[in-house]
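# Structural characterization, general
Here are the chains, one letter per residue:
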Amino acid sequence: MWYVSTRGMAPRVSFEGALFSGYASDGGLFMPEELPQLDKETLCQWSTLSYPGLVKELCTLFIGPELIPRDDLNDLIDRAFSRFRHKEVVHLSRLRNGLNVLELWHGVTYAFKDLSLCCTAQFLQYFLGKREKHVTVVVGTSGDTGSAAIESIQGAKNVDIIVLLPKGHCSKIQELQMTTLLKENVHVFEVEGNSDELDEPIKAVFADEAFVKKHHLMSLNSINWSRVLVQMAHHFFAYFRCAPSLDTHPLPPVEVVVPTGAAGNLAAGFIAQKMGLPIRLVVAVNRNDIIHRTVQQGDFSLSEAVKPTLASAMDIQVPYNMERIFWLLSGSDSQVTRVLMEQFERTQSLKLPKELHSKLSEAVTSESVSDEAITQTMGRCWAENQYLLCPHSAVAASCHYQQVDRQQPSSAPRCCLAPASAAKFPEAVLAAGLSPETPAEILALEHKETRCTPMRRGDDWTLMLRDKIEDLSRRWRGHGLNSSE
């Protein structure tokens, strides 16, 4: 299985190449050169698999046994999911009024990113161990990616991780999950800026190809292909748990509501759909509505500023993974994709060509949900089910309730993806007039020692980041010399 850049100007790479690169050298994102097509027989066979079983099947298709033999792959994925609190790893809650909530948050940090990052970290360590190499992972986070990446990599011997978090822009719990992990290979910067601003120094560092090569840098943000790959399993699991029966021809559709910021889960759904999974996609965003505007009007352009909302992990201006979706919908046309994305990067504004916009609006419907609708949905779900939704999950559930209230008979079962546990967002639970339920391990964070380095306004953030990377490289070279003596 080979991977090509959405912009078509970079050499093709293996799964290992895509894993370690993040962005392609031409600025594009990696996509599989061809998508395997799943027939009804395969889907029926997969329908009885557990969530880890689905991840194993998908990874076998997209990694290839010549890179990771199947027995090794099975071990890596079992190890990745060994710390999840729920025996199924993910769990479907069937609630009143046809509300199906797929809980993707049973990992250590109570967010869906644990699922893909645990696997990604295992793949990294597997290849690094074989090649006797070291990498430094650099991550910018709007909340959940940082803590999930730290958890999955802490203590690994061939990997250092640097995380930039936006001071005051994530929840207190999210911040503590990042600053209380005092492992030697974990380095956290607290930036006086929002998540888009802290991306700037990271982009600047990655733009220096010689520096990236010299210091073996990589990113684990939602653009990394291995994360999208694992997230495809959410859609297959949702489909198999919600489809009424697989005995009909054609197979029955299931609607999957995807709350999103950077569109990683959405891109995963598009790929699953292209492979033959009969899902209909609904994308749900908060007031940062660039994806909604793109679906509705073909208007892929930045608003003036990020609007802070209760669903803070989705307060994102630039949904990077839309590039993958444009590439898929344009029939893998890298020239079209490159021209569009370069224009967007230049002007921050893009009107989709008519044909691409109509393909997008046929493939997905969209909703933008206000903070008021988020708290109403959280309140309603609690009143009807004694079930607490996090604000991001409520963005998806709000779309479901809108359909129920319009009394539109649903032609298909609907499944809402729930990216995080309400336990991480007590501020939003209180805003909805409800009582937070905080697990003991989250309460314990308050009493732990914290460690982070401030990046203040007026500091040269890019220089600070480069200095840290150089320091880690020197240290690793020192270690390497010691261990080889």
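Above this note sits the structure.
This report concerns the structure included in the present document. (Residues numbered from 1 in each chain as written. Predicted model: local features only at pLDDT ≥ 70, side-chain atom pairs only at ≥ 80, totals over all residues. Heavy atoms only, no water.)

## Topic: the layout of surface pockets
Our working rule: Computed over the protein atoms alone on a 1 Å grid, cavities are sets of points where a 1.4 Å probe fits but cannot get out and pockets are open sets with protein on both sides within 12 Å along at least five of seven lines; a residue lines them when it has an atom within 4 Å of a point. Grid points are joined across faces, edges and corners, and a volume is the space filled by probe spheres set on the points. Helix and strand labels come from DSSP, where a helix needs a run of H or I of at least four residues and a strand needs a run of E of at least two; each type is numbered from the N terminus.
Here the largest pocket is characterised by a volume of approximately 1500 Å³. Lining the largest pocket are 50 residues, with Ser 21, Gly 22, Tyr 23, Ala 24 and Phe 206 sitting closest to its centre. Elements supplying a minimum of two residues to the lining of the largest pocket: α1 (15–21), α5 (113–131), α8 (195–207), α9 (209–215), β8 (217–219) and α14 (334–347). Looking at the lining of the largest pocket, the element that brings in the most residues is α8, giving eight residues. A volume near 310 Å³ is recorded for the second largest pocket.

## Brief notes about the sheet that holds strand β13 (residues 453–455)
The condition that has to hold: In this scheme, strands are said to pair when DSSP sees at least two bridges between them. Axis angles are defined between N-to-C directions and span 0 to 180 degrees, where every axis is a line fitted to C-alpha atoms and, for a helix, only to the segment in contact. Only heavy atoms enter the contact rule, under which two residues are in contact if any of them lie within 4.5 Å.
Pairing within the open sheet is parallel, and its five strands lie in the order β8-β5-β6-β7-β13. Looking at strand neighbours, the two that pair on one side only are β8 and β13, the edges of this open sheet. Strand-to-strand, the axes of this sheet are offset by a mean angle of 25 degrees, without reference to chain direction. Bridge analysis of strand β5 (residues 135–140) against β8 gives three bridges, and the strand direction is parallel. Pairing of Thr 136 across the sheet is with Leu 217, part of β8. The strands that helix α6 (residues 144–153) touches are β5, β6 (159–166) and β7 (186–191); relative to β6, the one it contacts most, it runs at about 165 degrees.

## Points about α14
Along an α-helix, a turn takes 3.6 residues, which lines up residues three or four apart on a common side. We count it as follows: One fewer than the residue count of a helix, multiplied by 1.5 Å, yields its expected span. In the analysis that follows, any N or O atom pair within 3.5 Å is treated as a polar contact, provided that within protein one partner can donate a hydrogen and the other can accept it, and provided that, for residues neighboring in sequence, both atoms belong to side chains.
The end-to-end C-alpha distance of α14, which contains 14 residues, comes to 20 Å, matching closely the 20 Å that a straight helix rising 1.5 Å per residue would cover. Buried residues belonging to α14 abut α12 (290–297), α13 (322–329) and α15 (354–363). Its side-chain oxygen placed 3.1 Å from the backbone nitrogen of Gln 335, Asp 333 serves as the N-cap of α14. Looking one or two residues past α14, Gln 348 carries a phi angle of roughly 60 degrees, positive in sign.

## Side note on the environment of Tyr 320
In this structure, Tyr 320 sits in the loop between α12 and α13. Between the alpha carbons of Tyr 320 and Asn 158 there is a distance of 28 Å; along the sequence they are 162 residues apart. The residues contacting Tyr 320, other than those within four sequence positions of it, are Tyr 23, Leu 29, Asp 199, Lys 203, Ile 223 and Ala 262.

## Section: the pairing of β5
Selection rule: Categorising residues by exposure relies on relative accessible area from a 1.4 Å probe, with only protein chains included: less than 20% of the type maximum marks a residue as buried, more than 50% marks it as exposed, and the intermediate range marks it as partly exposed. Orient the strands so they point away from the viewer; a crossover is then right-handed if the path from the first strand over the helix to the second runs clockwise.
A large share of β5 lies buried, amounting to six of its six residues. By the alternation rule, side chains of β5 split into Val 135, Val 137 and Val 139 and Thr 136, Val 138 and Gly 140, which are all buried. Direction of pairing for β5 relative to β6: parallel, over a ladder of six bridges. Across the sheet, Val 137 pairs through a bridge with Ile 161, a residue of β6. The parallel pair β5 and β6 is bridged by α6, and the resulting crossover is right-handed.

## Some words on empty space enclosed by the protein
Under the convention used in this document: Amino acids are sorted into nonpolar (Ala, Val, Leu, Ile, Met, Phe, Trp, Tyr, Cys and Pro), charged (Asp, Glu, Lys and Arg) and polar (every other residue, Gly among them).
Summed over all chains, the structure comprises three cavities of 30 Å³ or more. Its volume calculated, the largest cavity comes out at about 400 Å³. What lines the largest cavity is a set of 30 residues, among which Lys 113, Ser 142, Ala 262, Ala 313 and Ile 316 lie closest to the centre. Examining the composition of the lining of the largest cavity, we find that four residues originate from one element, α8, more than from any other. Its residues assigned to classes, the lining of the largest cavity shows twelve nonpolar, 13 polar and five charged.

## A closer look at the pattern of salt bridges
How we decide: Any carboxyl oxygen of Asp or Glu that lies within 4 Å of a side-chain nitrogen of Lys or Arg is treated as forming a salt bridge with it.
Under the counting rule described, the total for this entry stands at 17 salt bridges. With its nearest N and O atoms 2.6 Å apart, the salt bridge here joins Arg 131 to Glu 16. With Arg 131 in helix α5 and Glu 16 in helix α1, this residue pair connects regions lying 115 residues apart in the sequence. By relative accessible area, Arg 131 is classed as partly exposed at 40%.

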